[in-house]
Amino acid sequence: MSETISGTAQSPAGRGRRPGSGRLVGRVLRQRALVAWGAIVGVIVLAVTFAALLSPYDPNTGTLADSFAPPSWEHWLGADRNGRDVLTRLLYGGQVALLAAVEAVGIAMAVGVPAGLVIGYVGGWLDRILMRLVDGVMSVPFLVLAIAVIAAVGRGLPNAMAVVGLVYAMSVLRLVRGEVLAAREELYVDGLRVSGAGARRILFRHILANIAPPIIVQATLMFATAIIAEATLSYLGLGVTQPTASWGSMLAEAQATIRQNFFLAVPPGMAIFITVLGINQIGEGMRDLFSREITVGRLGLNVVRRAEPERAVSEPVPSALPERPVALEVRNLSVSFPQHGHGRVEVVRGVDLRLHRGELLCLVGESGSGKSVTAMSMLGLVAHPGLVTASSIRLADQEISGLDFAAMRAIRGNRIGVVFQDPLGSLNPTFTVGNQVCEAIREHRDVSRRQARALAIDLFDRVGIPNPAQRFHDYPFQFSGGMAQRVMIAMALSCDPEVLVADEPTTALDVTVQKQILRLLSDLRDERGLAILLITHDLGVVAEVADTVATMYAGQLVEYGPVAEVFAQPRHPYTQGLLDSVPRNEASNGPLASIRGVVPAPVDWPIGCHFADRCDFVEEPCRHSPVPLTGLGESGRAARCVRAGELRLHGISRDRLDTHAGVPSAAGSGTTP
Amino acid sequence: MRTVFVRLLTIIPLVLLVVSGTFFLSLASNVDPAEIILGGNATQEQIDQLRHEKGLDQPALERYGEWLGGVVRGDLGTSIYTGASVTDLFMAALPVTLSLTVGGLLVGVLLGVGLGLLASVVAGSRLDRGVILLSTVGQAAPSFFIGMLIIYFLALKMAWFPATGYVRPSASFGGWLHSLILPSLALGVGVAAALARQARSSMIIALQQDYTRTALSKGHSRRRVVFKHAARNAASPVVTSVSFQVAHLLGGAIVIERLFALPGLGSLTIDAVLRYDPNVIQAVVLFAVVVVVLVNLLVDVSYTWLNPKVRAA
Ligand code: SF4
């Protein structure tokens, strides 16, 4: 079957952790569809089992007077050509179907599970040879195989279903073998070397716990296909022999008289359909129970809606670079996502940002602060259920909030370029980098293929890719992380944008490369008057390149100002906490050593200061009411703290930052004590 | 090209294994073709006589060698029952089955991948749920029941298509197409159902990848993002799934040929089983294995085209 995706839905982390039995029952009951289909299949099984009690007729004899009798009180579903009661034949036919399926699935389990366990456990050459054999058997269409075997050993349903069972055993074997290999790996990793009887018992118990859910699901789905297999074989005359009723043979009989009486095809056809559908639904319902839910997101397109002016828009904070023209100004940007049981939850709340031409503004904060979402939301790149609102987003002199998808296309990639964190994942692996850069150019510029190529090669050259004309034809996987990020930067700059958004562009890179990329960005800023919004959690990066810095905490901007001043004397305790955590391992996104606790989840944000639970300076007024972002009178500084005026925070000394950012070997290697 | 050649060499043992298996299976059988041909009242002498004529009294290995030698030369032996050349029977039936399976594959791929793609871009919507429902229904209904419904409504009630029978393309190309539409539909629905699911889930995964976001950030149209960037990446698992479906189609063709009275390999096989004609069955098994193995090879080759990383390796 085609369950490649859902079959692997069980995440590796979920392996071996089963829901407690009490919770499992609860989840079963919550899945109403599963219960309903279980009931339907249950009724079918009961009716079929007690066919002799339910029906007064003999399935194989009829009175000719009743030939083709329409449905009536005597014959609920009518009678067939030979005057036999259709409902009775349907019930007895069901016995044949269920028994055949039990046989096939039973054989599949009895052969497949032990064989898989042994092959997976022994491994080595036995594994290799037998898996070849399994591949061989599985390469023959099962119906053809069944026919070949029936031809040899003689007709008869039990023979045929035994073949079906053996074919199924192959896929059970594969599944079990895979689980055994995975379990061995896992136990090995856990330091439990498998040796001796005790360890072997642990291994098998562990494996059985892991394979039970997928095996149960597989067996259920197999049961459904076995019913179809039985019907198919009997339909072809290779299964049950006349006059025994089977759903398949009933359909074959109905087909012979389809011109006189079509109705006869309906009961057996629907019997197969409903039974198989029901069992399939049960199987899939169980799969959903055992595996974690896969969230389904739609194409990441979410235009920015114009916010209703319900929330009082605060006074704009004074500019830190008043002499320069504004490139991008965001007012009151909020992003919310629906969350189960909480309605819509805001993850970004009322953010104001101003970016000038030639300015590099760093947006800093721990993960979970909402800094990435903020940047993506301005471009309409927030994933499906997200909702983005803003009072205003101005790009130079154009209002871009409220624009629809089509209108935003002229902005994205053209006037605002984006560089993402993981350059290799962000480039399409199936196209050459040249193709992808030219594609961006030709999306916005009316140039020929040849001109686009020349432009792209120039850009590659500018961002420091050696042999640009050759590398043009390479695929992303042929690039190192740093080179791939240069490609991304070239792509983002390909249409000469006014604003560049760079979302943690150096986090995935090693320290030397990191410095080169940062230098490239700041050169581009100076050279082109580019306004750059650089998102990072690394204050070393900020010190190195930023003109201004904005700190975000729990969905809000908490401090803003020129980088030298903010670093010398922060006005918000959270900024101070971030500074105290320098130097920090670039790769780490874990809790900060300098501030206890972690960023609270959006549903838990308090009414008052969001930072209150982690703040060393918290006082009663902090928790009262929302704290506004207030201008501090000095040159474009602002903070969201009740005590901003009175606190004297010590900031960070220049040399501590330099050690971090200036000497590559000192940080980022992960070996720094 | 070289790798394709090497792969071709490695599949020979696999094919040999399966066909030899079938051959010896038929030898181990307790059914004696001679008895069946002569019927119940034949004397032991008559049976022995016939066994000798047909070469059934030769030692097993000798018969095997002879048969295999014939296969290599393109001679699949003769039908014990009619004495006709199996190669001739086979070649007469092959075009029918090929037309039907290709038709079914077309229906399955076009309908399945189309619906899957559509569902993936509107994941979670009512349309998406509709596609999922259709696919669930398509997977639960046996092809011959779907076929009977199709015959009843489109051929008998509406008389738009012939209910049964096959028209050779050399006789009438239009008639050939016309005679194949309903069988291909009946055969393809189940395939479409399976492929729709696969295409939907691989597309949903591709649409959530970073490169999709990048493509959007470049200002491309939705169509370009979906059909160029995501679809190319989602293609590999779908192609794999198509290759599974080919085996499924070959088996399904047997049933559909019977339903629509098409004189293809399926009908040949069923007749052969019912009257016990081992050479014919071996020929069909051989054919099925070769097709499946070749399709797998084709799929592997397509990976190298779909995935540049494989190409470079
Ligand atoms: S408002 Fe109070 S709790 Fe919040 S950061 Fe300022 S001092 Fe700390």
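The rules behind the values
- Residues numbered from 1 in each chain as written.
- Chains lettered and ligands numbered in written order.
- Predicted model: local features only at pLDDT ≥ 70, side-chain atom pairs only at ≥ 80, totals over all residues.
- Heavy atoms only, no water.
- Helix = DSSP H or I, 4+ residues; strand = E, 2+ residues; numbered from the N terminus.
- Buried < 20%, exposed > 50% of the residue type's maximum accessible area, 1.4 Å probe, protein only.
- Contact = heavy atoms within 4.5 Å.
- UniProt positions renumbered as here; feature names shortened; annotations may be inferred.
- 1 Å grid on protein atoms, 1.4 Å probe; cavity = no way out; pocket = protein on both sides within 12 Å on 5 of 7 lines; lining within 4 Å.
- Points joined across faces, edges and corners; volume = space filled by probe spheres on them.
- Nonpolar A, V, L, I, M, F, W, Y, C, P; charged D, E, K, R; others polar.
- Lys, Arg positive; Asp, Glu negative; His and termini not counted.
- Salt bridge = Lys/Arg side-chain N within 4 Å of Asp/Glu carboxyl O.
- Polar contact = N/O pair within 3.5 Å; in protein donor to acceptor, adjacent residues only side chain to side chain.
- Near = heavy atom within 4 Å.
- Buried area = accessible area lost by both parts, 1.4 Å probe.
- Expected span 1.5 Å × (residues − 1).

(A) A look at the overall build of chain A. A count of helical and extended segments in chain A gives 24 helices and 14 strands. Counting all 673 residues of chain A, 54% fall into the buried class. For chain A, the share of sequence-separated contacts (at least 6 apart) that also reach a separation of at least 24 residues comes to 71%.

(B) Highlighting the UniProt feature "transmembrane region" (unreviewed entry) in chain B. In this structure's numbering, the residues bearing the UniProt feature "transmembrane region" (unreviewed entry) are residues 89–119, 131–155, 175–196, 238–260 and 280–299 of chain B. Across residues 175–196 of chain B, the secondary structure splits into 100% helix and 0% strand, with the terminal C-alpha atoms separated by 30 Å.

(C) Region of interest: empty space enclosed by the protein. Residue and element names in this part refer to chain A. Per the stated rule, a full pass over the model turns up 11 cavities of 30 Å³ or more. Within this model, the largest cavity holds a volume of roughly 110 Å³. Contributing to the lining of the largest cavity are 11 residues, with V317, D352, L353, R354 and Y560 lying nearest its centre. For the lining of the largest cavity, the elements supplying multiple residues, two or more each, are β2 (326–339), β3 (343–356) and β12 (556–562). Here the lining of the largest cavity is composed, by residue class, of seven nonpolar, no polar and four charged.

(D) Geometry of the side chain of E230 of chain A. All names here are of chain A. Mapped onto the secondary structure, E230 falls in helix α9 (residues 196–235). In this structure E230 is buried but unpaired, with R89 as the nearest side chain of opposite charge at 11 Å. Side-chain polar atoms of E230 contact the side chain of S246, separated by 2.8 Å. In contact with E230, not counting residues within four places along its chain, are V96, A97, A100, L157, M161, V240 and S246.

(E) Fine view of the site of the ligand. Around the ligand, the surrounding shell consists of H572, P573, C609, F611, A612, C615, F617, V618, C622, C641, V642 and R643 of chain A. Taken together, the residues that form the shell around the ligand break down as 10 nonpolar, one polar and one charged.

(F) Seen up close, the interface of chain A and chain B. Opposite the 75 residues of chain A that make contact, chain B presents 79 residues. For the pair chain A and chain B, the summed buried surface comes to about 6900 Å²; carbon and sulfur atoms form 69% of the total. One can count four salt bridges joining chain A with chain B. Across the pair K218 of chain B and E439 of chain A runs a salt bridge whose closest N-O atoms are separated by 3.1 Å. Linking chain A with chain B are 20 residue pairs in polar contact (both at pLDDT 80 or more). Here the side of chain A that touches chain B gets 10 residues from one element, more than from any other, and that element is helix α11 (residues 266–290) of chain A.

(G) Layout of helix α7 (residues 142–153) of chain A. Residues and elements named next belong to chain A. With 12 residues, α7 extends 16 Å from end C-alpha to end C-alpha; this agrees with the ideal 16 Å at 1.5 Å per step. Within α7, 10 of the 12 residues are buried, which leaves the element mostly enclosed by the surrounding structure. Those residues of α7 that sit buried are L143, V144, L145, A146, I147, A148, V149, I150, A151 and A152. Where α7 ends, the next residue or the one after it, G154, has phi of about 95°, a positive value.

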